[in-house]
Amino acid sequence: MPEAAHWERFFAARTRGDVGEGIAAVLAFLGVPGVISFAGGFPDPRTFPRERTSELLAEFASAGESTAFQYAPTRGLGGPLDALASRLETTQGRRPADDELVITSGAIEALELVGKTFLDRGDLVVVEAPTYLGAIMAFRTFECEVLAVPMDEHGLDVEELAKRLDGGLRPKLLYTIPDHQNPSGVSLSGERRAVLTELARRQGFLIVEDVAYRELGFEDDAVPSLWSLAADVVVQTGTTSKTFFPGVRLGWAVGPAEISAQLVSAKQTTDQCAGALGQRLFEEYVRRGWIEEQLVESRSLYRRKSERLLAALERYMPTGVRWTRPRGGFFSWLTLPDGGDSADLTRRAVENGVGIVPGSLFYPDGRGGDNVRLSFSMVDESLIDEGIARLASLVSR
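Model, not experiment: these values are computed from the prediction.

Quick notes on the pattern of salt bridges
Any two side chains of opposite charge can pair, on the condition that their charged atoms come close. In total, this model carries 34 salt bridges according to the counting rule given. In this structure, R327 and D221 form a salt bridge, with 2.3 Å as the shortest nitrogen-oxygen distance. Residue R327 is located in the loop between β10 (322-323) and β11 (331-335), and its partner D221 is located in the loop between β7 (206-210) and α8 (226-229); the two are separated by 106 residues in the primary sequence. Given a relative accessible area of 38%, D221 falls into the partly exposed group. Of the charged contacts, one joins R315 and D385 as a salt bridge, the two residues approaching to 2.7 Å between their closest N and O atoms. With R315 in helix α11 (residues 290-316) and D385 in helix α13 (residues 384-396), this pair connects stretches of sequence that are 70 residues apart. Taking the relative accessible area as the measure of exposure, R315 reaches 48% and is therefore partly exposed. Among the charged side chains, a network of salt bridges with common partners joins E59, E65, D82, E89, R95, R280, E283, E284, R287 and R288.

As structure tokens, this is what we get:
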């Protein structure tokens, strides 16, 4: 039997894809006492529907319901699928067919299923620069190449993408977070959405649209989702973690029927089915209109926190520091002056009681050394000013 220290040579090749401990490192800030954390992109616990969830659990038990406590079909329970389809119709203007929608264990499983379905070793996936760390990790698990295309204040630079496609770039997938992006906080403009979907049709690649923050816009001005514009070339992944609560680990994938069927097949060898209890809780939460009530409160809370963060950045940050101004979601993206080192800043910040995330984690190619992701979603409002003041003093040094 090999010694414990030598197990690494037995690990599968796909585990050596430089995925690191990225998410685990970010999550580690959650429980550090005394740290004002702008690190994790977690929902504020004040948005969790504890009382209503307790009511629903009591109802399920008193009614003798067994469905919520049993295994579910791999695609999902009929009632929750119908409730989710109705909600997509309400919020995005298109209702998926029964064979287009799959309920997943969070959006990260949806990405895993897309990877299992599409990616072979050496395939190319295009992502935004920067992008969600979990997506980089998920795609690299399949030993594919991940290429980042720049963004600006209007989202993915589709002109640059078009130039690279004309120059011979041939991705199999393009992953994007078009609404209140993680980590940058910016959104893809309506004009660019139309261009992007046309590029996908013309060049023959699949768009993977992550809508984790779509329903958390601060203003009532949402532009059409990519899936609603071009359901033939888009697989949309979503999560209830930011709008319901993350403890149920519930999400979805919706796309063309032939793709959806393959996702269901792939899911049979991941978790077999998403938890029935979470599905039933979410179904009732949608059908009773409670989710809309919660979203009104959540949007107001996150808007207030965002405004306070932006005001503190204006007040304390030295000249030369830039940041994005989100119109929804959880994040702002900080760019340090020339020569700024976000990894060093992160180390010094935690020593001074502030948690941040260095920007390099959100690039697949080592960029981001002068960037910092700031999350305002979970930090105590009363501590935002103090946390930014401490961080600004470190930047000034």
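Quick look at a nonpolar patch on the surface
Together, W7, F10 and F11 make up a nonpolar patch on the protein surface, roughly 320 Å² of accessible area in all. Its place among the elements puts F11 in the segment before α1 (22-27). Residue classification places F11 among the partly exposed positions, given a relative accessible area of 45%.

Observations regarding the nonpolar core
The tendency in soluble globular proteins is for nonpolar side chains to be buried side by side. F139, L161, M317 and L374 are the most contacted members of the largest nonpolar core, which has 112 residues in total. In terms of residues, this core owes the most to one element, α11, which gives 9 residues. Once residues lying within four places of it in the same chain are set aside, the contact partners of L374 are F38, L309, L313, F330, F331, S332, L334, I356, I388 and L391.

Side note on the sheet that holds β11
Taken in spatial order, the 4 strands line up as β10-β11-β14-β13 in an open sheet, and their pairing is antiparallel. Each edge of the sheet is formed by a strand with only one pairing partner; in this case those strands are β10 and β13 (357-358). In this sheet, strand β14 (residues 371-375) lies alongside β13 in antiparallel orientation, the contact comprising 2 bridges. Pairing of V357 across the sheet is with R373, part of β14. Against the sheet, α11 touches β10, β11 and β14, its axis set at about 20° to β11.

Some thoughts on the sheet that holds strand β2 (residues 101-104)
Pairing is mixed in the open sheet, where 8 strands are placed in the order β2-β9-β8-β7-β6-β3-β4-β5. Edge positions in the open sheet fall to β2 and β5 (155-156), since each of these has one partner strand only. For β2 and strand β9 (residues 251-254), the ladder comprises 4 bridges, and the chain directions are antiparallel. Looking at the pairing, L101 lines up with V254 of β9. Each of β2, β8 (234-239) and β9 is contacted by helix α3 (residues 78-92), which is oriented at about 110° to β2, the strand it contacts most.

Each value, and the rule that gives it
- Residues numbered from 1 in each chain as written.
- Predicted model: local features only at pLDDT ≥ 70, side-chain atom pairs only at ≥ 80, totals over all residues.
- Heavy atoms only, no water.
- Salt bridge = Lys/Arg side-chain N within 4 Å of Asp/Glu carboxyl O.
- Helix = DSSP H or I, 4+ residues; strand = E, 2+ residues; numbered from the N terminus.
- Buried < 20%, exposed > 50% of the residue type's maximum accessible area, 1.4 Å probe, protein only.
- Patch = residues over 30% accessible without salt bridge, like charges linked within 9 Å, V, L, I, M, F, W, Y side chains within 5 Å.
- Areas by Shrake-Rupley, 256 points an atom, 1.4 Å probe, with all protein chains shown as cover.
- Core = buried A, V, L, I, M, F, W, Y, C linked by side-chain atoms within 4.5 Å.
- Contact = heavy atoms within 4.5 Å.
- Pairing = 2+ DSSP bridges.
- Axes fitted to C-alpha atoms, helices over the stretch in contact; angles between N-to-C directions.

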